[in-house]
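Chains, contacts and geometry: an overview
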Amino acid sequence: MDKKQEEELREHYNYPKNNKKLENYNAKGIGKNPENFGEVVMYLQVGEDEKIEEIGFESKGCPTIAFNGSVFTETVKGETLSEGLDVANELLQHLKDNPIPDGDCPQMVLQAYIAAVQNYEEKKVDPTKEECMLYI
């Protein structure tokens, strides 16, 4: 890891990006861990082209959730929902293949994103769907 990457990660740790509830969102997903009561709520504002125009998250649980949420949301902001799903699924597979301590924290962030995408798709059929929840 080079010095620039270290500085970017330090910035995410000290000043998490997108750590907020969006007032105007059209998709909401929740990632939960019932064993430790951790939770991540992900909000998406998706454009007609299915690009993520705005993204935010709120969390309860371990302090690394904010760091992981910041890195992930900055990675997928501006991408399509599909591209974001590719990133989330790739990271979930990496966590499965390479377990880490507190791996539940990044997993909740990724599950919240996947749930938000599912909620977006569900709302195409039933606009009254408020949210989608996935457990790790």
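Keep in mind that this is a model prediction, so the values were computed, not measured. (Residues numbered from 1 in each chain as written. Predicted model: local features only at pLDDT ≥ 70, side-chain atom pairs only at ≥ 80, totals over all residues. Heavy atoms only, no water.)

1. So, the packing of helix α2 (residues 64-76) against helix α3 (residues 81-97)
Pairs of packed helices are described in terms of their axes, by the angle between the two and the distance that separates them. Orientation of α2 relative to α3, taken along the N-to-C sense of each, is 145 degrees, at an axis distance of 9 Å. The two elements α2 and α3 cross, and the hand of that crossing is right-handed. Across from F72, T75 and V76 in α2, the residues of α3 making contact are G84, V87, A88 and L91. Across the contact of α2 with α3, the residue classes break down as five nonpolar, two polar and no charged. (Axes fitted to C-alpha atoms, helices over the stretch in contact; angles between N-to-C directions. Helix = DSSP H or I, 4+ residues; strand = E, 2+ residues; numbered from the N terminus. Left-handed = near helix turned anticlockwise from the far one by under 90°. Contact = heavy atoms within 4.5 Å. Nonpolar A, V, L, I, M, F, W, Y, C, P; charged D, E, K, R; others polar.)

2. So, the environment of L44
Along the chain, the position of L44 falls in strand β2 (residues 38-46). Of the residues examined, L44 reaches a relative accessible area of 0% and is grouped as buried. Leave out the neighbours within four places in its chain, and L44 touches L22, Y25, N26, A27, I52, E54, I55, L81, Y113, A116 and V117. (Buried < 20%, exposed > 50% of the residue type's maximum accessible area, 1.4 Å probe, protein only.)

3. Things to note about the state of the cysteines
Disulfide: a covalent bond formed between the sulfur atoms of two cysteine residues. Within the structure shown, the criterion is met by one disulfide. C62 shares a disulfide with C105; S-S distance 1.5 Å. With C62 in the loop between β3 (52-60) and α2 and C105 in helix α4 (residues 104-125), the pair connects residues that are 43 residues apart, well separated along the chain. The class of C105 is buried, set by a relative accessible area of 3%. (Disulfide = S-S within 2.5 Å.)

None of this, on its own, says anything about what the molecule does.
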